[in-house]
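# Topology and contacts: notes
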Amino acid sequence: MRPKRVILHVGTPKTGTSYLQDVLHRNKKDLAAEGVLYPVDRFDGHFLAALDLMRLPWGGLEAEAVGAWDRLAEQVNAWDGTSIISHEILATASREQVRRALDSLNHPDTEIHVVLSARDLVRQIPAEWQENIKHRRTLGYGRFLKQIRDPQRKSRISSWFWGVQEIPDILDRWGSELDPSRVHVVTVPKPGAPKTQLWDRFADTFGLTDIDLDRHAERANPSMGVPETALVRRINKIANTSVEPAFYRPLVRELLVHRTLSQRSGSSRLFLPTDEWEWANDLSHAWVEEMERRGYDIVGDLADLIPDPAPEVFANPDRPRERKVNAAALDVIRVLLEENVRMQHVEDDLRRERDEARGALEASYLRPTYRIRKKVVHTAEDRFWGRGAIKVYRRALGLDRNSRSA
Amino acid sequence: MTASNANDEGAGRALAWVEHLRSGGSTPWIDFRGTSSGSGRREVPGAAQLELARRLNAADPVADGVHRELVDRILSASVPGRGQLDLDLVGVPQASPFGAPPVDPADIAPDELIRVAVGALAEALVRLDPGAPRKRFAARLRHRLRHRRPWRRGLRLAGDPLAVAGVRAALARRGHITGRRRPVVVVLADDLGVMLADIWTNRLRNGRTAIWAGWLEKVERNDALPPALELPDVLERKAAEVGAANVHVVVGDPGAEIARLLGLRMPLEADPPRLPPDALEVVREVNAVLRVLVHPERHRRILHDLLLPRMADGPGIPRGVPAEREDWVRRQAERLRTRLSTAGYRVHGDLDDLLPREGGGAPAPSESRVLDVALRTLLKTKECM
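Residues numbered from 1 in each chain as written. Chains lettered and ligands numbered in written order. Predicted model: local features only at pLDDT ≥ 70, side-chain atom pairs only at ≥ 80, totals over all residues. Heavy atoms only, no water.

### Notes on the environment of Thr27(B)
Residues and elements named next belong to chain B. What counts is decided by this rule: Every helix listed is a DSSP run of H or I at least four residues long, and every strand listed is a run of E at least two residues long, numbered separately from the N terminus. Only heavy atoms enter the contact rule, under which two residues are in contact if any of them lie within 4.5 Å. We define a polar contact as two N or O atoms separated by no more than 3.5 Å, with the added condition that, inside protein, one atom must be a possible hydrogen donor and the other a possible acceptor, whereas residues neighbouring each other in sequence contribute only through side-chain atom pairs.
Examined against the element boundaries, threonine 27 turns out to sit in the loop between helix H1 (3–22) and helix H2 (47–59). Sequence separation of threonine 27 and proline 110 is 83 residues, and the distance between their C-alpha atoms is 18 Å. When sequence neighbours within four positions are dropped, the list of residues in contact with threonine 27 reads Trp17, His20, Phe32 and Arg54. Here the side chain of threonine 27 touches histidine 20 through a polar contact of 3.1 Å, side chain to side chain.

Rendered as structure tokens:
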């Protein structure tokens with residue numbers, strides 16, 4: 001039996017969190033059999049709990065989050081073994097919200113571990129801008145960089161960015177009440193490392209190395225290249241006002257970004273211009289020094305957080321090569337046409353089903369009993385007592401129209 | 001002075017300022033000279049919470065136990081939504097060089113203070129909500145019997161939702177209960193710009209969060225008025241229910257005409273329950289927090305029973321139509337006027353009044369006024385604490 005403890009994985013975004021959460025979700029029965037609880041209904045099931053904890057509006061989804069954190073805490077508190085809570089936006093919780101989260105999980109009586117997965121800042125900055133674009137924003141890369149470099153951090157963009165990405169500050173908020181040995185930093189390996197390395201580090205941190213898990217995940221949060229991101233930004237500019245969030249999610253984010261543009265190969269990758277690279281490099285060194293000083297449990301290597309050298313050529317997504325953007329746009333048109341054809345088929349099927357149902361209904365109208373009932377109703381409608389009787393009958397069946405008088 | 005002494009002094013001053021605010025003080029941080037023994041940055045709330053508490057004290061210097069409780073709640077408030085996190089006070093040593101730079105609380109932008117105020121207000125309202133009233137069957141039956149006058153003339157209202165609410169409230173104040181005999185339908189109409197603002201206001205009154213300009217832009221993009229304002233269609237439906245002879249359109253103040261139709265001696269004073277734009281902005285912001293705090297039914301109850309009655313302390317003026325939407329609104333008003341003038345229903349008032357008036361409506365809310373309203377409303381929650 002595993003000891004009672006809670007593992008809180010609080011971020012950061014773009015560090016393989018979708019993959020991790022998908023594996024945990026797909027294996028939750030096997031995990032439960034081994035004494036590990038991952039209490040979710042879907043792979044990102046703790047998203048709503050995070051929205052509730054942080055009182056965070058999210059395009060209308062927050063209405064589904066009412067009470068979600070307390071329900072999650074209840075499930076976790078009722079479990080005797082290890083419980084895992086994982087969502088990357090938890091990184092931006094304030095001190096007060098962290099206090100509420102820890103209190104709800106019975107801190108300090110329960111053994112609580114905080115896990116933060118971290119990737120080098122030079123890869124995180126463009127990834128965060130891309131996330132902004134994938135969430136309907138239209139600001140250019142240059143403006144984004146200017147905002148996050150503003151030391152005052154007053155804009156919503158920069159306060160969010162640093163809230164979810166400034167590793168020492170996140171750990172200060174989440175880990176200040178915990179022993180440093182219970183604060184774990186999982187570093188994301190450098191490009192080119194074995195693909196299983198990140199999972200191995202997660203498994204080691206979560207104590208899952210002895211459990212045989214199906215690690216084939218359906219979910220990931222893949223990145224786009226420079227022309228593809230520039231294209232989505234342009235799509236946002238012209239379609240934001242007419243495509244509502246509920247349709248944007250499946251059509252743009254899911255169909256166009258995840259299933260089409262992220263799958264294209266050969267495009268220039270997003271990176272940092274030289275000035276910003278040097279600034280991010282200095283910052284990364286300061287963060288690494290701070291983490292070494294604090295004595296956290298480092299899973300992996302802090303050197304993973306030191307950026308690789310900048311490439312010689314910087315592909316600016318604010319001035320992309322139009323030929324490449326056009327090629328990406330043609331892919332988008334093709335996919336939208338295919339999707340439209342698929343939906344036409346669905347519509348045809350539904351229309352056929354409707355016609356069949358209508359035919360069956362009309363056939364039932366031709367029965368003699370129906371014609372007798374119809375005559376009775378028509379006769380009754382012409383008489384005072386008949387209208388009253390129909391009203392009573394309809395009310396009894398719950399069919400009365402809800403017309404409100406003043 | 002050594003660095004250590006300076007650190008202790010800064011932390012002591014911050015802790016003393018927190019105590020000063022908890023005791024009802026309103027001295028700005030930069031002018032505050034007090035000190036307290038002990039240290040610990042963790043005990044000092046965020047600068048935005050502290051500045052809001054200071055402004056609350058400045059707005060209401062009565063520092064009794066209830067006020068102190070309210071200040072304590074603000075100081076420990078979990079700030080909702082996106083924005084700056086846990087700002088430290090300038091002049092207080094930071095435990096870590098990371099995080100946002102420390103600030104003078106007086107320099108915090110009003111939108112950050114509004115975020116704190118609205119969060120605290122939403123939490124206070126949830127605490128004040130006594131829950132849905134439970135009526136027993138006998139009480140429900142008694143209520144229904146007491147409020148039935150089937151022999152009296154029936155009245156069904158449609159059109160501008162705030163005008164409808166105003167008439168219903170006026171009838172309730174008069175103690176008049178409508179009946180079921182020969183029901184008459186009155187469709188309430190006004191300047192189309194006002195009616196659109198009223199529809200949007202009514203949505204806020206029911207928990208929605210759209211901003212006025214964005215909502216109106218969407219309405220124009222769909223090139224269709226909200227169903228409640230497609231008055232000819234509303235009239236047609238109502239005529240099918242009660243007969244065309246019993247359907248009336250009232251343009252402008254409906255008080256006199258409705259009194260006449262119901263056989264009342266005095267005209268009704270049917271003021272639509274409008275709110276000033278700054279108050280509406282507070283309602284909109286509170287809605288955004290309540291949406292994640294409570295379920296829709298409770299949300300509406302909190303709005304109608306607790307928040308809206310505390311906000312109706314200023315003249316309610318509907319929002320003005322932005323210049324870029326005026327042409328579209330005018331075209332729609334002209335279309336309505338033409339259709340209504342040829343539809344053959346009884347019209348009271350002048351159909352030309354459907355056209356938007358030049359320069360009508362209230363200006364956009366300002367952040368500083370919105371913050372004032374939020375603070376005033378927060379102070380009013382003390383009455384029930």
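### Considering the packing of aromatic side chains
The relative placement of two aromatic rings is captured by the distance of their centres and the angle of their planes. The test is simple: Ring pairs are drawn from Phe, Tyr and Trp, using the six-membered ring of Trp, whenever the two centres fall within 6.5 Å, and their geometry is named by plane angle: stacked under 30 degrees, edge-to-face over 60, tilted for the rest. We call a charge positioned over a ring when the NZ of a Lys or the CZ of an Arg lies within 6 Å of the ring centre and within 35 degrees of the ring normal.
Counted by the stated rule, this structure contains 13 aromatic pairs over all chains. One aromatic cluster in this structure is built from Phe144(A), Phe161(A), Trp162(A), Trp279(A) and Trp287(A). Above the face of the Trp29(B) ring, Arg13(B) is positioned so that its terminal group lies 3.8 Å from the ring centre.

### A word on the pattern of salt bridges
Side-chain pairing between opposite charges can occur once the charged atoms of the two side chains come close. We count it as follows: Think of a salt bridge as a Lys or Arg side-chain nitrogen and an Asp or Glu carboxyl oxygen that are within 4 Å of each other. For the exposure calls, accessible area comes from a 1.4 Å probe over protein chains only, and a residue counts as buried if that area is under 20% of its type's maximum, exposed if over 50%, partly exposed in between.
Counting across every chain of the model gives 54 salt bridges over all chains. Ionic pairing is found between Asp72(B) and Arg22(B), a salt bridge with its closest N-O pair at 2.6 Å. Residue Asp72(B) is located in helix H3 (residues 65–75), and its partner Arg22(B) is located in helix H1; the two are separated by 50 residues in the primary sequence. Judged by relative accessible area, Asp72(B) falls into the partly exposed class, the value being 25%. Taking the relative accessible area as the measure of exposure, Arg22(B) reaches 24% and is therefore partly exposed. Between Arg73(B) and Glu69(B) there is a salt bridge, with the nearest N and O atoms lying 3.1 Å from each other. Of this pair, Arg73(B) and Glu69(B) both sit in helix H3, separated by four residues, roughly a single helical turn. In this structure Arg73(B) comes out as partly exposed when scored by relative accessible area, which is 30%. Three or more residues are tied together by salt bridges with common partners; here these are Glu228(A), Arg264(A), Asp331(A), Arg334(A) and Glu338(A).

### A look at the sheet that holds strand S3 (residues 247–251) of chain B
Residues and elements named next belong to chain B. For the record, the criterion: Whether two strands pair comes down to DSSP finding at least two bridges between them. With axes taken as lines fitted to C-alpha atoms, and helix axes fitted only over the stretch in contact, angles between N-to-C directions fall between 0 and 180 degrees.
Read across the sheet, four strands follow the order S1-S2-S3-S4 without closing on themselves; strand pairing throughout is parallel. At either margin of the open sheet sits one strand with a lone partner, and together these are strand S1 (153–159) and strand S4 (346–348). Sheet twist, expressed as the average angle between the axes of neighbouring strands with direction ignored, equals 25 degrees. The pairing of S3 with S4 spans three bridges and is parallel. When the sheet's bridge partners are listed, valine 250 is paired in S4 with histidine 348. Sheet contacts for helix H10 (residues 255–262): S1, strand S2 (181–189), S3 and S4; angle to S1, the most-contacted strand, approximately 155 degrees.

### Describing the domain arrangement of chain A
Where we set the bar: All the domain ranges listed were derived from an automatic or database domain assignment.
Its domain assignment divides chain A into domain 1 (5–125 + 163–221 + 272–307), domain 2 (224–268 + 321–366) and domain 3 (368–401). Domain 1 of chain A and domain 3 of chain A are separated by 63 Å when their C-alpha centres are compared.

### Details of the sheet that holds strand S4 (residues 111–118) of chain A
Residue and element names in this part refer to chain A. Here we have six strands laid out as an open sheet, ordered S2-S3-S1-S4-S5-S6, and parallel in their pairing. For this open sheet the edge positions go to strand S2 (36–37) and strand S6 (297–299), each flanked by a neighbour on one side alone. Bridging between strand S1 (residues 5–9) and strand S3 (residues 82–86) involves five bridges; their strand directions are parallel. Opposite histidine 9, over in S3, you have serine 86 as the bridge partner. Those strands touched by helix H9 (residues 167–175) are S1, S4 and strand S5 (183–187), and its axis lies near 170 degrees from that of S4.

### Examining a nonpolar patch on the surface
Residues and elements named next belong to chain A. As a reminder, the rule being used: Only residues whose relative accessible area exceeds 30% and that form no salt bridge enter a patch; like-charged residues are grouped when within 9 Å of one another, and nonpolar side chains (Val, Leu, Ile, Met, Phe, Trp, Tyr) when within 5 Å. Surface accessibility in these figures is a Shrake-Rupley result with a 1.4 Å probe; residues are shielded only by whichever protein chains are displayed.
Taken together, the side chains of Leu330, Ile333 and Leu337 make up a nonpolar region of the molecular surface, amounting to roughly 310 Å² of accessible area. Along the polypeptide, isoleucine 333 turns up in helix H14 (residues 322–365). With a relative accessible area of 46%, isoleucine 333 lands in the partly exposed category.

### Things to note about the domain arrangement of chain B
If you check the domain split of chain B, you get domain 1 (3–108) and domain 2 (149–273 + 318–354). With centres defined by C-alpha atoms, the gap from domain 1 of chain B to domain 2 of chain B works out at 50 Å.

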